[in-house]
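# Inside the fold
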Amino acid sequence: MNKSRLIALALMVLAFAGVTQRADAMVVTYNLSLTPTDGSPYSGSGLLTLDRPVAASGLDTIAAADITGLTFTIDGHTFGLGIPKFTLVTVQFLNGALYDITSSAFSSDNYVSLFTTAMYSYYDMHTGHGSNGVLTATLAATPAVPEPSTWAMLILGFAAVGFMAYRCRNAPAAA
């Protein structure tokens with residue numbers, strides 16, 4: 001087998017190997033906002049990370065296995081997955097918008113609590129500070145990352161152009 005056929009075969013194998021790869025997990029991140037409706041100064045923020053996109057229409061209940069991250073920070077206290085005394089019940093989206101995050105959380109000393117549904121309720125027994133409000137989510141802007149097959153096709157295209165340029169340069173002159 002001559003050199004040019006060997007190179008062409010190698011490029012074809014590389015192309016097919018790259019095309020068959022697929023990104024299985026699509027990570028979607030939402031910025032959470034806890035906005036008080038009772039005039040209190042205790043607003044908060046959070047982050048919700050899912051392993052799949054949310055349905056654009058209808059009620060979409062997210063399974064716990066598809067939630068890779070959930071945190072809330074309010075009045076200097078952080079609650080969320082992986083933090084003791086945090087219980088996540090459900091996360092639901094309705095027509096692509098956050099509908100409900102049902103959870104309950106207590107600080108390690110049981111004096112600070114956060115309960116969420118479509119609304120939220122926060123209370124600190126040490127200071128007597130509390131807040132009630134609305135819980136909203138906005139899709140966080142994430143940069144697009146090409147799949148491995150896209151990179152393989154790009155590299156294959158550059159290699160093919162380079163190979164053609166090499167062949168044209170070294171081709172014998174026609175008489």
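Structure shown above.
So, about the pairing of strand 9 (residues 119-124). Here strand 9 shows a buried face lined by Tyr120, Tyr122 and Asp124 and an unburied face lined by Met119, Ser121 and Tyr123. By the bridge criterion, five bridges tie strand 8 (residues 112-116) to strand 9 in an arrangement that is antiparallel. The partner of Val112 across the bridge, within strand 9, is Asp124. In this structure, the hairpin formed by strand 8 and strand 9 is closed by a connection of two residues. Two strands pair when backbone bridges link them, and strand 9 and strand 10 (residues 130-139) are joined in this way by five bridges, in the antiparallel orientation. Among the inter-strand pairings, Tyr120 is bridged to a residue of strand 10, identified as Gly133. Once strand 9 ends, the chain turns through five residues before running back antiparallel as strand 10, passing Gly128 with a positive phi of about 80°.

Before going further, it helps to spend a moment on the sheet that holds strand 4 (residues 67-74). In spatial order, the strands read 3-6-7-8-9-10-1-2-4-5; together these ten strands make up an open sheet with antiparallel pairing. Here the strands that pair on one side only, and so sit at the sheet edges, are strand 3 (59-62) and strand 5 (77-80). Strand after strand, the sheet turns through a mean of 20° between neighbouring axes, direction not considered. Two elements, strand 2 (residues 44-50) and strand 4, share seven bridges in a ladder whose sense is antiparallel. Residue pairing for strand 4: Ser45 is matched across the bridge by Thr73.

Cut-off values and rules
- Residues numbered from 1 in each chain as written.
- Predicted model: local features only at pLDDT ≥ 70, side-chain atom pairs only at ≥ 80, totals over all residues.
- Heavy atoms only, no water.
- Buried < 20%, exposed > 50% of the residue type's maximum accessible area, 1.4 Å probe, protein only.
- Helix = DSSP H or I, 4+ residues; strand = E, 2+ residues; numbered from the N terminus.
- Pairing = 2+ DSSP bridges.
- Axes fitted to C-alpha atoms, helices over the stretch in contact; angles between N-to-C directions.

As far as function goes, none of this settles anything; it's purely spatial.
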